[in-house]
Amino acid sequence: MASLKEEISRRRTFAIISHPDAGKTTLTEKFLLYGGAIAQAGAVKGKKNSRAAVSDWMEIEKQRGISVTSSVMQFQYEGFCINILDTPGHQDFSEDTYRTLMAADSAVMVIDGSKGVEAQTRKLFKVCAMRHIPIFTFINKMDREARDTFELLDDIEKELGIATCPVNWPIGSGKAFKGVYDRAKKEVELFSDTKKGTAMGEVQMVPIDAPETEKLIGADAKKILADEIELLDGASAEFDQELVDKGQLSPVFFGSALTNFGVETFLKHFLKMTTSPLPRMSDKGEIDPMEEKDFSAFVFKIQANMNKAHRDRIAFMRICSGEFEAGMNVYHVQGGKEIRLSQPQQMMASERKMITKAYGGDIIGVFDPGIFSIGDTLTTSKEKFAYEGIPTFAPEHFARVRQVDTMKRKQFVKGINQIAQEGAIQIFQEYNTGMEEIIVGVVGVLQFDVLKYRLNNEYNVEIRLENLPYEYIRWIENEDVDMDHLSGTSDMKKIKDLKDRPLLLFAHEWSIRMTEERNKGLILSEFGRS
Ligand code: GDP
């Protein structure tokens, strides 16, 4: 039997981030295929159906069984136990998407080779960068005409502010895509065509200097490759594992998830370069999974049960140290109580299954009778401690909430607070106007529908939402700011959160900098302390 240390050190827990359509699902599927967790591509989710513009939230709910299940997937590959955290990206982009990143030890960023860095990648990247976790880049869809490779790398460096280090280099793109050149091995890796997604394809490795290379890829391609490699060797950063670990250098890979080109190569390199479960900060210092034997975990996501008859929820937690056993008693630090963790579940490909054991690095979902909040710590350690909380992420859509029937104030307040506690929405109030009106902020507009529906369905309260023109929210880092004399822009609004902390809303991005300039020493932050 493997020891606790062995179990933990073979774990790799990463998030996969991208802009919709870059190929995240396809790549994930291929990983599962190589890991033997699924027998054929297309098994991860019936995504095509959910792709249709679903504005009706209930529709999404129906599919949620699927999307939730596939939000964390575990599979085995060459002795590694891999946990992939999916970051949903279409209609259901929400604060949960960001929170998921808090449970990962590294991130894989999938970029469409014909497009480069896109909006959602940028947003998700920022959160990964804040945590200084290793970030790996997979430039996908090389079987389509891609942008110039150097330009793509430049785009990543400039847009995201991270240095890049190509581990391999594409040989052509589109119909002329032959494979990749492995810079460390100085070998050309050629892929045979595969029937889309069903087979794994064959790989042929040939030294770049071998006489047959020219024959295999063609004289022109060989010449272009040689020129590009020369240019690259002179210009790009050298591979440096330490910088990768700190999230300052992103190893870059090229391939085509759809046709399996470069996927397994990527997986193999990635597993070598990425990290085993990382230590985490707590109020008694860093907790290292390699040192701490007791079980500890924190809650990063709460999934409400939409069935009115069952007000229960599933709390997703990231195990940070030790071993989990089904039905074990743990101490819930924030609740100050010992509790039994029941009905633990884990995801395997598209199935949800009950588990009996899990280890540091793993993600489990447990039954939550309504006691957990996002960021809560659970542990069996005698010396109690709490993990650092999860930041509050900036909503981008705001609305004023109006109650249709003002007699139901109590239910309304209860309901909206409960939903906010689950982390689906954030609630604010006018600053210093004495008005009790509530302003709600969400990361994805779908959450507005969720709020309306749930208040009505679960609390019997009808609301109307009045959209506000703000898109940016900033927390004020300064402790002693004089809010009344703060000089802002005309598109700025002062609000406060439930803990009476002041915040600012802006309609335009440039107003944020202007406000900082007008108020010397003012520090505005995109992330709120929990
Ligand atoms: P996601 O939204 O990032 O999860 O993207 P999907 O994996 O669903 O892919 C979006 C679309 O791009 C689908 O139609 C895929 O079949 C297609 N696709 C994914 N990877 C590739 C690739 O490497 N090459 C090509 N040509 N198409 C791809």
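All values derive from a computational prediction rather than experimental measurement.

## Description of the overall build of the chain
Logical step 1: Within the chain, the regular secondary structure consists of 14 helices and 33 strands.
Logical step 2: The contacts of the chain with a sequence gap of at least 6 include a subset with a gap of at least 24, amounting to 71%.
Logical step 3: When the accessible surface of the chain is split by element, carbon and sulfur atoms take 49% of a total near 23,400 Å².

## Thoughts on the sheet that holds strand β4 (residues 106-112)
To summarise the sheet geometry, strands pair through backbone hydrogen bonds and adopt either a parallel or an antiparallel arrangement.
Logical step 1: Taken in spatial order, the seven strands make up an open sheet running β2-β3-β1-β4-β5-β11-β6, and their pairing is mixed. Two strands in the sheet have a free side with no partner beyond their single neighbour: β2 (72-77) and β6 (163-166). Adjacent strand axes in the sheet meet at a mean angle of 30 degrees, parallel and antiparallel pairs treated alike.
Logical step 2: Relative to strand β11 (residues 249-254), strand β5 (residues 135-140) runs parallel, the two sharing three bridges. Counterpart to Thr137 in the pairing with β11 is Val252.
Logical step 3: Helix α7 (residues 149-160) rests against β4, β5, β6 and β11 of the sheet, and its axis sits at about 150 degrees to β6.

## Re unusual backbone geometry
Most peptide bonds adopt trans geometry, and most residues besides glycine take a negative phi value.
Logical step 1: In this model, His132 sits at a positive phi of 55 degrees, which is unusual for a non-glycine residue.
Logical step 2: Looking at where His132 falls in the secondary structure, it is placed in the loop between α6 (119-131) and β5.
Logical step 3: The exposure class assigned to His132 is exposed, which follows from its relative accessible area of 55%.
Logical step 4: Even without being glycine, Lys141 reaches a positive phi, approximately 60 degrees.

## Details of the pattern of salt bridges
Logical step 1: With the rule as written, the count across this model stands at 32 salt bridges.
Logical step 2: Across the pair Asp227 and Lys223 runs a salt bridge, and its minimum N-O distance is 2.9 Å. Note that Asp227 and Lys223 are positioned in helix α9 (residues 219-235) at a spacing of four residues, about one turn of the helix.
Logical step 3: For Lys223, a relative accessible area of 51% translates into the label exposed.
Logical step 4: For Glu430, the salt bridge is made with Lys493, and the minimal N-O distance between the two is 2.9 Å.

## Remarks on the packing of helix α12 (residues 409-421) against helix α13 (residues 446-459)
Logical step 1: Where α12 contacts α13, the axes come no closer than 10 Å and their chain directions differ by 125 degrees. Taken together, α12 and α13 sit at an angle that is classed as oblique. Considering the relative orientation of α12 and α13, their crossing is right-handed. Packed against α12, whose contacting residues are Gln411, Phe412, Gly415, Ile416, Gln418 and Ile419, the element α13 presents Leu451, Arg454, Leu455 and Tyr459 at the interface.

## Focus on the side chain of Ser94
Logical step 1: Along the chain, Ser94 turns up in the loop between β3 (80-86) and α5 (95-101).
Logical step 2: Under the relative-accessibility criterion, Ser94 is labelled buried at 7%.
Logical step 3: Once residues lying within four places of it in the same chain are set aside, the contact partners of Ser94 are Val443, Gly444 and Gln447.

## A look at helix α2 (residues 24-34)
Logical step 1: Most of α2 sits inside the fold, with 10 of its 11 residues counted as buried.
Logical step 2: Those residues of α2 not exposed but buried are Lys24, Thr25, Leu27, Thr28, Glu29, Lys30, Phe31, Leu32, Leu33 and Tyr34.
Logical step 3: Of the residues trailing α2, Gly36 is marked for its positive phi of about 75 degrees.

## Topic: the site of the ligand
Logical step 1: Around the ligand, the surrounding shell holds 19 residues, and the nearest of these are Asp21, Lys24, Thr25, Thr26 and Asp143.
Logical step 2: Relative to its free-state accessible area of 580 Å², the ligand is covered by the protein chains to the extent of 86%.
Logical step 3: Of all the secondary-structure elements, those providing two or more residues to the shell around the ligand are α2 and α3 (47-51).
Logical step 4: With three residues, α2 is the single largest residue contributor to the shell around the ligand.

## Here we look at the pairing of strand β1 (residues 11-18)
Side-chain positions along a regular strand alternate between the two faces of the sheet.
Logical step 1: Counting buried positions along β1 gives eight out of eight residues, so the element sits mostly inside the fold.
Logical step 2: The side-chain alternation of β1 yields two buried faces, one formed by Arg11, Thr13, Ala15 and Ile17 and the other by Arg12, Phe14, Ile16 and Ser18.
Logical step 3: Across six bridges, the pairing between β1 and β3 is parallel. Among the inter-strand pairings, Phe14 is bridged to a residue of β3, identified as Ile84.
Logical step 4: Across five bridges, the pairing between β1 and β4 is parallel. Residue Ile17 lies in a different strand from β4, and its bridge partner there is Met109.

## Observations regarding the packing of α2 against helix α11 (residues 263-273)
Logical step 1: Orientation of α2 relative to α11, taken along the N-to-C sense of each, is 75 degrees, at an axis distance of 10 Å. The angle between α2 and α11 falls in the class roughly perpendicular. Residues Leu27, Lys30, Phe31 and Tyr34 of α2 touch α11, and the partners they reach there are Val263, Glu264, Phe266 and Leu267.
Logical step 2: Tallied by class, the residues present in the contact of α2 with α11 amount to six nonpolar, no polar and two charged.

## Here we look at the confidence of the model for the chain
Logical step 1: Averaged over the chain, the pLDDT score is 87; the fraction of residues at 70 or greater is 88%.
Logical step 2: Below a pLDDT of 50 lies the segment residues 45-58, which in the model reaches 27 contacts outside its immediate sequence neighbourhood of four places, other chains included.
Logical step 3: Below pLDDT 50 for its whole length, residues 64-70 participates in 19 contacts with residues either more than four positions away or in separate chains.

So, how was this worked out
- Residues numbered from 1 in each chain as written.
- Predicted model: local features only at pLDDT ≥ 70, side-chain atom pairs only at ≥ 80, totals over all residues.
- Heavy atoms only, no water.
- Helix = DSSP H or I, 4+ residues; strand = E, 2+ residues; numbered from the N terminus.
- Contact = heavy atoms within 4.5 Å.
- Areas by Shrake-Rupley, 256 points an atom, 1.4 Å probe, with all protein chains shown as cover.
- Pairing = 2+ DSSP bridges.
- Axes fitted to C-alpha atoms, helices over the stretch in contact; angles between N-to-C directions.
- Buried < 20%, exposed > 50% of the residue type's maximum accessible area, 1.4 Å probe, protein only.
- Salt bridge = Lys/Arg side-chain N within 4 Å of Asp/Glu carboxyl O.
- Parallel < 35°, antiparallel > 145°, perpendicular 65-115°, else oblique.
- Left-handed = near helix turned anticlockwise from the far one by under 90°.
- Near = heavy atom within 4 Å.
- Nonpolar A, V, L, I, M, F, W, Y, C, P; charged D, E, K, R; others polar.
- pLDDT = per-residue confidence, 0-100.

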